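Analysis of the macromolecular model
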Amino acid sequence: MALVAGIDSSTQSCKVVICDADTGTTVRSASAPHPDGTEINPQQWWSALRETITAAGGFEDVAAVSVGSQQHGMVCLDSNGTVVRDALLWNDTRSSVAADELVAELSAQEWAKRIGVVPVAAITVAKLRWLADHESAHADATAAVCLPHDWLTWRLSGSTDIADLRTDRSDASGTGYFSSESGAYQLDLLEMAMRGRRPHVPTVLGPAQEAGRTPTGAVLGPGAGDNAGAALGLGAEPGDCVVSLGTSGVVSAVGDVAPHDPDGIVAGFADATGRQLPLVCTLNGAPVLAAVATMLGVDFDELDRLAMSARSGAEGLTLVPYLEGERSPNLPGAAGALHGVTTRNFNAANVARAAVEGLLSSMAYCIDRITAHGVNVNRIILVGGGARSEAVRRIAPALWGATVHVPTPAEYVALGAARQAAWTLSQDESPPAWSFGITTTYAADPTPQVLDQYRAAQPLTLGQ
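Below you will find a few notes about this structure. (Residues numbered from 1 in each chain as written. Predicted model: local features only at pLDDT ≥ 70, side-chain atom pairs only at ≥ 80, totals over all residues. Heavy atoms only, no water.)

**Quick notes on the overall build of the protein chain**
Heads up, the rule is: Only DSSP runs of H or I reaching four residues or more are called helices, and only runs of E reaching two or more are called strands; each is numbered from the N terminus. When we talk radius of gyration, it's over C-alpha atoms, and the globule rule is simply 2.2 Å times the number of residues to the 0.38. The contact criterion used is simple: two residues touch if any of their non-hydrogen atoms lie within 4.5 Å. Asp and Glu count as negative and Lys and Arg as positive, but His and the ends of the chain are not part of the count. Think of each charge as sitting on NZ of Lys, CZ of Arg, CG of Asp or CD of Glu.
The helix and strand inventory of the protein chain stands at 15 helices and 25 strands. Taking 23 Å as the expected radius of gyration for a compact globule of 464 residues, we find that the protein chain reaches 22 Å, a close match to that expectation. For the protein chain, the C-alpha atoms occupy an extent of roughly 70 × 55 × 40 Å along the three principal directions. Residue pairs at least 24 apart in sequence account for 73% of intrachain contacts in the protein chain once pairs closer than 6 positions are excluded. For the protein chain, the distance from the average position of its 29 positive side-chain charges to the average position of its 49 negative side-chain charges is 2 Å.

**Observations regarding the environment of Arg-114**
Where we set the bar: Any pair of nitrogen or oxygen atoms within 3.5 Å is treated as a polar contact; in protein, a donor-acceptor pairing is required on top of that, and neighbouring residues in sequence qualify only through side-chain atoms on both sides.
Looking at the element boundaries, Arg-114 is found in helix H3 (residues 108-114). With 35 residues separating them along the chain, Arg-114 and Ser-79 place their C-alpha atoms 29 Å apart. Residues contacting Arg-114, with those up to four places away along its chain left out, are Ser-179, Gln-186, Asp-188 and Leu-189. Of the polar contacts made by the side chain of Arg-114, one reaches the side chain of Gln-186; its length is 2.7 Å.

**Some points on the side chain of Ser-170**
Note the following rule: We call a residue buried when its accessible area falls under 20% of the maximum for its residue type, exposed when it is over 50%, and partly exposed in between, using a 1.4 Å probe and counting protein chains only.
Here Ser-170 is to be found in helix H7 (residues 169-172). Owing to a relative accessible area of 1%, Ser-170 belongs among the buried residues under this scheme. Reaching out from Ser-170, the side chain makes a polar contact with the backbone nitrogen of Gly-225 at a distance of 2.9 Å. Sequence-distant contacts of Ser-170, that is, excluding residues within four places in its chain, are made with Gln-71, Ala-224, Gly-225, Ala-228, Ala-270 and Asp-271.

**A word on unusual backbone geometry**
A cis amide bond links Ser-328 to the next residue, Pro-329, at an omega of 5 degrees. Of note in the backbone geometry, Ala-314 takes a positive phi value of approximately 50 degrees without being a glycine. Looking at the element boundaries, Ala-314 is found in the loop between helix H11 (300-309) and strand S19 (318-320). Of note, Glu-315 is a non-glycine position whose phi angle comes to about 55 degrees, a positive value. On the secondary structure map, Glu-315 appears in the loop between H11 and S19. The partly exposed category is assigned to Glu-315, whose relative accessible area is 39%.

**Digging into the pattern of salt bridges**
We count it as follows: Salt bridges are defined by distance alone: a side-chain nitrogen of Lys or Arg within 4 Å of a carboxyl oxygen of Asp or Glu.
Per the stated rule, a full pass over the model turns up 23 salt bridges. For Arg-305, the salt bridge is made with Glu-302, and the minimal N-O distance between the two is 2.8 Å. Of this pair, Arg-305 and Glu-302 both sit in helix H11, separated by three residues, roughly a single helical turn. On the basis of relative accessible area, Arg-305 is assigned to the partly exposed category, the value being 47%. Here Arg-455 and Asp-368 are joined by a salt bridge, their closest N and O atoms 3.3 Å apart. With Arg-455 in helix H15 (residues 448-456) and Asp-368 in helix H12 (residues 348-371), the pair connects residues that are 87 residues apart, well separated along the chain. Residue Arg-455 is classed as partly exposed on the basis of its relative accessible area of 48%. A single salt-bridge network, built from bridges that share partners, covers Glu-39, Arg-85, Asp-92, Arg-94 and Glu-135.

Structure (structure tokens):
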């Protein structure tokens, strides 16, 4: 039995799963935390990974390894392969002004046309502009720029030569200087962002192309960004839409259409199989439910019970869930709002129902934006912490107008990386047909009136 390892190096932690290459059955696993913050010394990722590998029983019997990781981060290396400064993570917002400048210099339409992504603070290209303008000495010292999973794959190979850096389409498509449609870097945009500097960038590999070997001889897969890794781990096929309710809300759909959205809502990312993975991300996910539960003084089970006890539409009560501003739509100065309050409907059950419906309506907006670009959505797969809510699972199909499939909770990014490792090892035409654990299906009659109610509501603007 050949074993393969999948790594998920996320913002919060490092996870490793070691699986049977033929069946996908998890043989052993482990995890270790990452420090908090929006910038980090990459060596801390490496230390957490080494700790996790040891806790998982080591890689001595592993035939192939692949890394899934948080997207967009900026890792700068000098000509010797030494880290120039702490990596800026996707959630570091100091580059927001830089993103606006880049959009103004080229136009949102041109960014959408050339890259399929309009820069925002999270995107690597905006972070590089910030570096060039605020830390010119560090920008001058940057001989190569890569992403978290690129750096970890490179470290696993044992190389110290920046020419050996490798990446994949899914993660490269989140940089702001790689087109998922053409499959090529647009290095003039990198040079523009860095004020005339053009550092080395990783070679982009195909979905199952070998990225090298570990010192013990294990094959290294090309790796993937976390959303693409999760889609691969879930077995998502063309027509499948994955809705993840975690800290943020993320909607992505596997297909062959590369969107070009000048509004910057739909990002033209690639998946880990050679297809496209258009994606919409919100700032407000499952924490909306946590905030309402705290306000009501109840636990999540009671929040579910309250929400399910209220009627659809919460008797006219509507929550716009922009508690942390919003990215989709792009309203960073917005605040959440509770509309339609009367003496008759202002009770705990309706507030709980409005919270669930507001969150799911926000996700319906994201699904609609993706389908508006010609992306087919035939099946919806619901994952993330918010998917544990019974109310979310039962109300979602009514608002999304489709059957919702909820898989068994698992570390799908790490499993996707492991599946990619098995694919790289086998060199078959397609990834191995593992069991993906979808166990529960939810259906309900559509309630378009609730979406109409939500669309008519407006967020507040901070400071007013």
